[in-house]
Amino acid sequence: MEFLSRADFEAARLRAAPFIHRTPVLRSQTLSERVGAEVHLKAELFQKAGSYKVRGPLNVLAQMDPVIRSRGLICSSAGNHAQGVARAARIHGVPAVVVMSTQAKKSKIDATRAYGAEVILHGDVWDDADARAREIMRDRGLTYVHPFDNPVLVAGQGGVGLELIEDVPDLDLVLVPIGGGGLISGCAMAIKSINPRVQVVGVEAAGAPAMKRSVEAGHLVVLDKIGPMIDGLVVKRVGEYNLHVCRHYVDDIVLVKEPDIFAAILWLMERSKLVAEGAAAATVAALLSGVVRPAAGSKVACVLSGGNLDISDLHGRAWN
């Protein structure tokens, strides 16, 4: 498996640029004082469709054979990839089918349909939805767009890291959430292609540590069961390509507990006036909970991967 170069990320950014925002990097004085380091927040929650997930599909579709693309697309998703593919498909004028788990948030289902995609609900977790998506792909002759295990898609997602290191070139540490591994794969390679000394640390949910266990084992580990139900962080199996990248480019992977993630969502609302979904808030949770303790005076960035929060998530859960 080949790694991506800075040129790959630059090219992917150019393909996506007309259709996305260059999201801001915000300095959090309150969080900086709390942890004793200078903390910056890469605010992908202000991205089109509410998360970084639109970047990758735009790069994939831009390079796809027009005849193949015209047959239609299919993907599986916990929610944000669904919206990313649906929006990218609408931009390119092609039909899209999205298979989401029955646990997907209504707000994400509605948003995906609003972009014009056909939504099918199947299974309890992403892995179940993915199996059904592949069946439909074969039945209908559609083109499958994987949510993370695809270097072309990863090149698009890496635009997040590319922008971040350009805006704060002297970073010491970057925290990136991990679900299937697409975002951290892109960010780690993009960031280190410019400044290899930056430490990149992945943040996984403690109840679904598929990447951490796989890295430790040196091969893909499929989880028997998963604990949290924070969409975006819940997969039983990460991508092969993503694992390959993480083993070479990611310096550490830490685990955060679900209550700490919900506490971080509320903290960001109260202190930073930012609405971050659970996967995005996980990076801040790693700092607030003390799972990650940056060196005094160092420069740290948290990737806030998206803001598609269903407010019903908070009722009765953040205080348990």
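As shown above, the structure is provided for reference.
Just so you know, these numbers come straight off a predicted model, no measurement behind them.

Novice: Account for the pairing of strand β2 (residues 38–43), naming residues and giving values.
Specialist: Burial of β2 is extensive: five of the six residues sit out of reach of the surface. By the bridge criterion, four bridges tie strand β1 (residues 25–28) to β2 in an arrangement that is antiparallel. Note that in β2 the partner of Arg27 across the bridge is His40. One ladder, built from six bridges, connects β2 with strand β10 (residues 299–304); its direction is parallel. If you follow Lys42 over to β10, its bridge partner there is Val303.

Novice: So, the packing of helix α5 (residues 80–92) against helix α6 (residues 106–114): which residues are in play, and what are the values?
Specialist: Two elements in contact, α5 and α6, have axes whose closest approach is 8 Å; the angle formed by their N-to-C orientations is 10°. Looking at the two axes, α5 sits roughly parallel to α6. Taking contact as the criterion, the partners of Asn80, Ala82, Gln83, Ala86 and Arg90 in α5 are, on α6, Lys108, Ala111, Thr112 and Ala114. In terms of residue class, the contact of α5 with α6 is built from four nonpolar, three polar and two charged.

Novice: If you had to explain the sheet that holds strand β9 (residues 252–256) to someone new, which residues and values would you point to?
Specialist: Strands sit in the order β1-β2-β10-β7-β8-β9 across an open sheet of six strands; the sheet is mixed. In this open sheet, the two edge strands, each paired with only one partner strand, are β1 and β9. Ignoring which end each strand starts from, the neighbouring axes of this sheet average 25° apart. Against the sheet, helix α10 (residues 182–194) touches β7 (173–177), β8 (199–205) and β10, its axis set at about 160° to β7.

Novice: Which residues make up the pattern of salt bridges, and what values do they have?
Specialist: Counted under the stated rule, the structure contains 20 salt bridges. The salt bridge partner of Glu135 is Arg132, with a shortest N-O separation of 2.8 Å. A residue pair is termed a helical-turn pair when its members lie 3 or 4 positions apart in one helix, as Glu135 and Arg132 do in helix α7 (residues 126–140) at three residues. Looking at Arg132, the relative accessible area reads 28%, which means it is partly exposed. Here the residues in one salt-bridge network are Arg6, Glu10, Arg13, Arg22, Glu166 and Asp167, joined through shared partners.

Criteria and thresholds
Numbering of residues begins from 1 in every chain and follows the order in which that chain's sequence is written. Note on the predicted model: pLDDT of at least 70 is required for a residue's local features to be given, and 80 or more for side-chain atom pairs to be given and counted; whole-chain, interface and lining totals, by contrast, use all residues. Excluding hydrogens and water, the side-chain figures rest on all heavy atoms present in the structure. A simple rule labels every residue: compare its accessible area, found with a 1.4 Å probe on the protein chains alone, to the largest value its type can have, and call it buried under 20%, exposed over 50%, or partly exposed in between. Numbering of helices and strands runs from the N terminus; a helix is a DSSP stretch of H or I covering at least four residues, while a strand is a stretch of E covering at least two. In this analysis, strands are considered paired if DSSP registers two or more bridges between them. Comment: axis = line fitted to C-alpha atoms, over the contacting stretch for helices; angle = value between 0 and 180 degrees taken between N-to-C directions. Working rule for angles: under 35 degrees goes down as roughly parallel, over 145 as roughly antiparallel, 65 to 115 as roughly perpendicular, anything else as oblique. In what follows, a contact means two residues having at least one pair of non-hydrogen atoms within 4.5 Å. Throughout, the ten residues Ala, Val, Leu, Ile, Met, Phe, Trp, Tyr, Cys and Pro are labelled nonpolar, Asp, Glu, Lys and Arg are labelled charged, and all others, Gly among them, are labelled polar. Counted as salt bridges are all cases of a side-chain nitrogen of Lys or Arg within 4 Å of a carboxyl oxygen of Asp or Glu.

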